[in-house]
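In case you want the letters, here they are:
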Amino acid sequence: MHISMRAAIVAVALSSASAAVAQADTLSLQEAIARAVAASPQTAATAARADVLMAARAQADTKPSPSIAANVENLSIGGRDLNNQIQLDATYNQRIERGGKRAARIALVEGDIGVANAEAVVRRLEIAANVQRLYVEVQAAEVAIANAQERVDIAVALQREVQRRVDAARDPLFAGTRARTQLAEARVDLDLATRARNAALRRLTAQWGQTLEGIAIPTDRFLRFDRPPIAASAAPAQADVAIYEARRRRAAAAISLERSNAVQDPTVSAGPRFLGTGDIALIAGVSLPLGNRRLASASIARAEAEQRQIDAELAVERFQRGQAIALAVTRVDEARDEAEAVRDRVIPGARQTLTEVRAGYARGGFSFLDVSTAQNALAAARTRLVQAAIRYHQAGVELDRLTGRFIPLVQEAH
C-alpha cells in the first residue's frame, strides 16, 4: 500500500472517530472527577461526621448542670422529744468552672473538626486519583483500538495483494493462507481492544453510576507528553500536611484542657432549713475538691508527649512524601523519554520500512515473510508507545496526588 493510500485510511478512521465523539458526550478528566466526588458515599459520611462534631461543640459550650439536695436530720427512733429538733435542709448547688475549662473544651472539639475537614479533603483526593487512573486506562484502550483498526486495514489490503499474486501463481498457496490468518488475528485483536475499552469505560463510569451510552473520552492528549515540569524537591500536597497540622492544633487544645482540669472548681450551695419548732433558717456553703497534683501533672505530660509525637510524625511524612515526589518525577521523565523516542524515531522508521518492503513485494523483490515481519515490527512499536504512554500518565497520576494538583477541584466539587 502506498503512503497516500494509508494516509487516506487513517484520515477516514480519524474522521469516523471524531464523528462518534461529536455524537457522544465528551467527558473531560475534571468532569469525571467532579462527578465521582459528588456521587461518592464518602460525602454523606463526611456530612454525618460534621453533624456529630457540631453537636459535640454545642455540648462543650455548656456550663455544669446545677443540682438540688435535701437532707433530714434528728429523726427520732425511740422518743418524742428529739422530734422537736428535726431539721430539713433543701439546697441548690452549682459548680463554678475555673481555669477556662469551657473554652478549652470548645477548642478541643474545634480541633476535631479541623482534623475531620482535613481528612475529608485527603479522601476526596484519593477519589480523584482513582478516577484519573481509570481515565488513563480508557484513553489507552481507545488508542489501542485505533492501532488495531489500522492493523486491520493494512491486513485487508495486504491480503488482497497477496491473493492477486497467488492467483497469478507468483506466490504459493500458503502465502494466501497466512495473509488470511493475519487478517483474522488483526480482527480478533480489534474485537479484544474494543472489549477492553468497554470494560475500562464501565469501571470509570461506575464511579458515579452512569451507563456507557453517550460517553466519549478524548484521546488527543494521550500521546502528548507536555506535562508542566515539577521539581523533584516540590513540596507535598498541603492537604496531606494539613492533617498533621490539624492534629497538632488539637493536641495543643488537649494540653490546654488538661491544664484547666488541674484547676479545682468550687461548688456553692444555698437554701432553706426547716426546723422542728416551725422556724425557718437560711444556710449557705461552699466546697472545694482536693486536687491530685500528681495525676494532673501526668495528664499534662501525656498530652505534651502526644503533641511531640505528632510533630515527629509530620517530619516523617514530609520526608517520605518528598522522596515519593522525587521518585514520581523520575518515573515521569523516564517514561516521557521512552515514549518520545518511540514516537519520533522508532515508529516513523518502522512505517517507512513497511512501505518500502510492500513496494518491493509488489515488484517481486521481497517475500511475504518480509512484509509480515515489517508489519509486526510496526505493530510492536505502536504497542510499545502505548505502554510507555501509560507509564508516563500513571506516574503523572501519582505526582498529581502527591502535589495536590486537584485540591481546588475536589473542594469545589464537594
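Counting starts from 1 at the beginning of each chain's written sequence and moves along it residue by residue. Per-residue local features are limited, in this predicted model, to residues with pLDDT of at least 70; the limit for side-chain atom pairs, both in listing and counting, is 80 or more; totals at the level of whole chains, interfaces and linings are taken over all residues. As a rule here, side-chain values cover all heavy atoms of the structure and leave hydrogens and water aside.

(A) Up close: the overall build of the protein chain. Tallying secondary structure elements over the protein chain gives nine helices and six strands in all. We take the radius of gyration over the C-alpha atoms and set the globule estimate at 2.2 Å times the residue count to the 0.38 power. Radius of gyration (C-alpha) of the protein chain: 38 Å, far over the 22 Å computed for a compact globule of 414 residues. Taking the principal axes of its C-alpha atoms as reference, the protein chain extends roughly 140 × 40 × 35 Å. Buried residues in the protein chain amount to 37% of all 414 residues. Under the DSSP-based scheme used, a helix requires at least four consecutive residues in state H or I and a strand at least two consecutive residues in state E, with every element numbered from the N terminus. Each residue is assigned to one of three classes by its accessible area relative to the maximum for its type, calculated with a 1.4 Å probe on protein chains only: buried under 20%, partly exposed between the two thresholds, exposed over 50%.

(B) Layout of the packing of helix α2 (residues 29–39) against helix α4 (residues 101–167). Relative orientation of the contacting elements α2 and α4 amounts to 135 degrees, with a least axis distance of 9 Å. The orientation of α2 relative to α4 falls into the category oblique. At the point where α2 passes α4, the crossing takes the right-handed sense. Contacts from Leu29, Ala32, Ile33, Ala36 and Val37 of α2 reach α4 at Arg124, Ile127, Ala128, Val131, Gln132 and Tyr135. Put simply, Ala, Val, Leu, Ile, Met, Phe, Trp, Tyr, Cys and Pro go in the nonpolar bin, Asp, Glu, Lys and Arg in the charged bin, and everything else, Gly too, in the polar bin. Here the residues of the contact of α2 with α4 sort into nine nonpolar, one polar and one charged. Helix axes are fitted only over the stretch in contact, all axes being lines through C-alpha atoms; the angle between N-to-C directions runs from 0 to 180 degrees. Convention used here: angles under 35 degrees read as roughly parallel, angles over 145 as roughly antiparallel, angles from 65 to 115 as roughly perpendicular, and any remaining angle as oblique. Crossings are sorted by hand: turned counterclockwise from the far helix by less than a right angle, the near helix makes the crossing left-handed, and turned clockwise it makes it right-handed. The criterion used for residue contact is that any of the two residues' heavy atoms lie within 4.5 Å.

(C) Spatial organisation of the pairing of strand β5 (residues 267–275). Strands were regarded as paired on the criterion that DSSP finds at least two bridges between them. Pairing analysis gives seven bridges linking strand β3 (residues 87–95) to β5, with the strands arranged antiparallel. By the bridge assignment for β5, leucine 88 is matched with phenylalanine 274. Pairing analysis gives eight bridges linking β5 to strand β6 (residues 280–287), with the strands arranged antiparallel. By the bridge assignment for β6, glycine 271 is matched with isoleucine 283. Counting the residues in the hairpin turn of β5 and β6 gives four residues, including glycine 278, whose phi is positive at 95 degrees.

(D) Up close: a nonpolar patch on the surface. Taken together, Val72, Leu88, Phe274 and Ile280 make up a surface patch of nonpolar side chains, about 350 Å² in accessible area. In this fold, valine 72 is placed in strand β2 (residues 67–73). Patches here are clusters of residues that have more than 30% relative accessible area and form no salt bridge, with a 9 Å joining cutoff for like charges and a 5 Å cutoff for nonpolar side chains (Val, Leu, Ile, Met, Phe, Trp, Tyr). Only the protein chains shown count as cover for residues, with accessible areas throughout obtained via the Shrake-Rupley method and a probe of 1.4 Å. Salt bridge, as applied in this entry: a Lys or Arg side-chain nitrogen positioned within 4 Å of an Asp or Glu carboxyl oxygen.

(E) The side chain of glutamate 317, seen in detail. Along the chain, the position of glutamate 317 falls in helix α7 (residues 293–362). The class for glutamate 317 is buried, based on a relative accessible area of 14%. With residues up to four places along the chain from it excluded, the contact list for glutamate 317 reads Asp240 and Tyr244.

(F) Structural view of the nonpolar core. We call a set of buried residues a nonpolar core when its members are Ala, Val, Leu, Ile, Met, Phe, Trp, Tyr or Cys and they connect through side-chain atoms within 4.5 Å of each other. If you look at the biggest cluster of nonpolar residues, it comprises 39 residues, and the most contacted ones within it are Val162, Phe222 and Phe368. Broken down by element, the residue count for this core peaks at 14 residues, all from helix α8 (residues 368–403). The residues contacting phenylalanine 222, other than those within four sequence positions of it, are Val136, Gln139, Ala140, Val143, Val386, Ala389, Ile390 and His393. If you look at the next biggest cluster of nonpolar residues, it comprises 29 residues, including Tyr135, Ile215, Ala239 and Phe406.

(G) Spotlight on the sheet that holds β3. In spatial order, the strands read β2-β3-β5-β6; together these four strands make up an open sheet with antiparallel pairing. Each edge of the sheet is formed by a strand with only one pairing partner; in this case those strands are β2 and β6. Averaged over all neighbouring strand pairs, the angle between strand axes comes to 20 degrees, with direction disregarded.

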